[in-house]
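Next come the chains, spelled out residue by residue.
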Amino acid sequence: MLRFTSLASGSSGNATLVEAHGGEDERPTRLLVDCGLPLRRLTAALAARGCTPGDLDAVFVTHEHSDHLGGVLALQRRHGTPVWSSAGTWSAAMARAGDGTLPANTACHGVAITIGTLELLPFAVPHDAAEPLQLVCRSGQARLGIVTDLGEPTDAVASALQGCDAMLL
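Residues numbered from 1 in each chain as written. Predicted model: local features only at pLDDT ≥ 70, side-chain atom pairs only at ≥ 80, totals over all residues. Heavy atoms only, no water.

1. Considerations on the sheet that holds strand S5 (residues 83-85)
One open sheet accounts for six strands, arranged S1-S2-S3-S4-S5-S6; its pairing is mixed. With partners counted over all chains shown, the strands left at the sheet margins are strand S1 (2-8) and strand S6 (105-106), one partner each. Bridge count for strand S4 (residues 58-60) against S5 is two bridges, and the pairing is parallel. The residue of S5 that forms the bridge with Val59 is Val83. (Pairing = 2+ DSSP bridges. Helix = DSSP H or I, 4+ residues; strand = E, 2+ residues; numbered from the N terminus.)

Structure below.
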């Protein structure tokens, strides 16, 4: 089973919780897509859904704009949450932070990432950022497309989203 909820959406912050449930006795895999909220607001939003920042298996950052990235460094420092992003996004984020570098896992267009019972397939989008990526998340046969900042629709984006059971736009 695949479940998702928007924790925040807009210029003051974006964050989406994606949960992949395996068997009844298994703990769900929890992915945060973007972390544009301050840690206190994120913690409250997660608590309303029955989890904590420590329950997150990873965060995927789609691009370096502050409404998508603003809280990720605090989340990573405080909870050790693994971060995934494109190399261009993370480089731009570290240049903005100006306080050294933190590690991130590199995501690439078209290269699948497995996190617990969740498979992510990042795809490139035309947006005014350094190497932005959006996602298709899959658990079992369920597919969720997440496209929060697109720029403009293209045939490549439509192809990446083909066959999704649900989309968050």
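From this point, things continue past the structure.
2. Focus on the pairing of S1
Bridging between S1 and strand S2 (residues 15-20) involves six bridges; their strand directions are antiparallel. Looking across to S2, one finds that Ser6 is bridged to Thr16. In textbook terms, the turn of a hairpin is the stretch between consecutive antiparallel strands, and for S1 and S2 this stretch comprises six residues, one of which, Gly10, has a positive phi near 145 degrees.

3. Some details on the sheet that holds strand S10 (residues 142-146)
For sheets, the rule is that strands pair by backbone hydrogen bonds, running either parallel or antiparallel. Spatially, the five strands line up as an open sheet ordered S7-S8-S9-S10-S11, and their pairing is mixed. The two strands at the open ends of the sheet, each matched to only one other strand, are strand S7 (113-115) and strand S11 (166-168). When the angles between neighbouring strand axes are averaged without regard to direction, this sheet yields 25 degrees. (Axes fitted to C-alpha atoms, helices over the stretch in contact; angles between N-to-C directions.)

4. Thoughts on the packing of helix H3 (residues 72-79) against helix H4 (residues 87-97)
Relative orientation of the contacting elements H3 and H4 amounts to 90 degrees, with a least axis distance of 12 Å. Compared by their axis directions, H3 and H4 come out roughly perpendicular. Two secondary-structure elements touch here, H3 through Val72, Leu73 and Gln76 and H4 through Trp90, Met94 and Ala97. (Parallel < 35°, antiparallel > 145°, perpendicular 65-115°, else oblique. Contact = heavy atoms within 4.5 Å.)

5. Notes on the pattern of salt bridges
On inspection of all chains with the given rule, the structure shows four salt bridges. Between Glu19 and Arg30 there is a salt bridge, with the nearest N and O atoms lying 2.8 Å from each other. In this pair, Glu19 is assigned in strand S2 and Arg30 in strand S3 (residues 29-33), connecting sequence segments 11 residues apart. Neither Glu19 nor Arg30 differs from the other in exposure class; each is buried. Put simply, Asp57 and Arg27 hold a salt bridge, and the shortest N to O gap is 3.2 Å. One end of the pair, Asp57, is in the loop between helix H1 (39-47) and S4; the other, Arg27, is in the loop between S2 and S3, with 30 residues separating them in the sequence. By relative accessible area, which is 26% here, Asp57 ends up partly exposed. Residue classification places Arg27 among the partly exposed positions, given a relative accessible area of 44%. Several salt bridges converge on common partners, so that one network encompasses Arg3, Glu19 and Arg30. (Salt bridge = Lys/Arg side-chain N within 4 Å of Asp/Glu carboxyl O. Buried < 20%, exposed > 50% of the residue type's maximum accessible area, 1.4 Å probe, protein only.)

6. A word on H1
Those residues of H1 not exposed but buried are Leu39, Leu42, Ala45 and Leu46. All buried residues of H1 lie within an arc of 125 degrees about the axis, which places them on one face of the element. Residues of H1 that are exposed and point more than 90 degrees away from the buried face comprise Arg40 and Ala47. Close packing links the buried residues of H1 with S1, S2, S3 and H3. (Arc of directions from axis to C-beta.)

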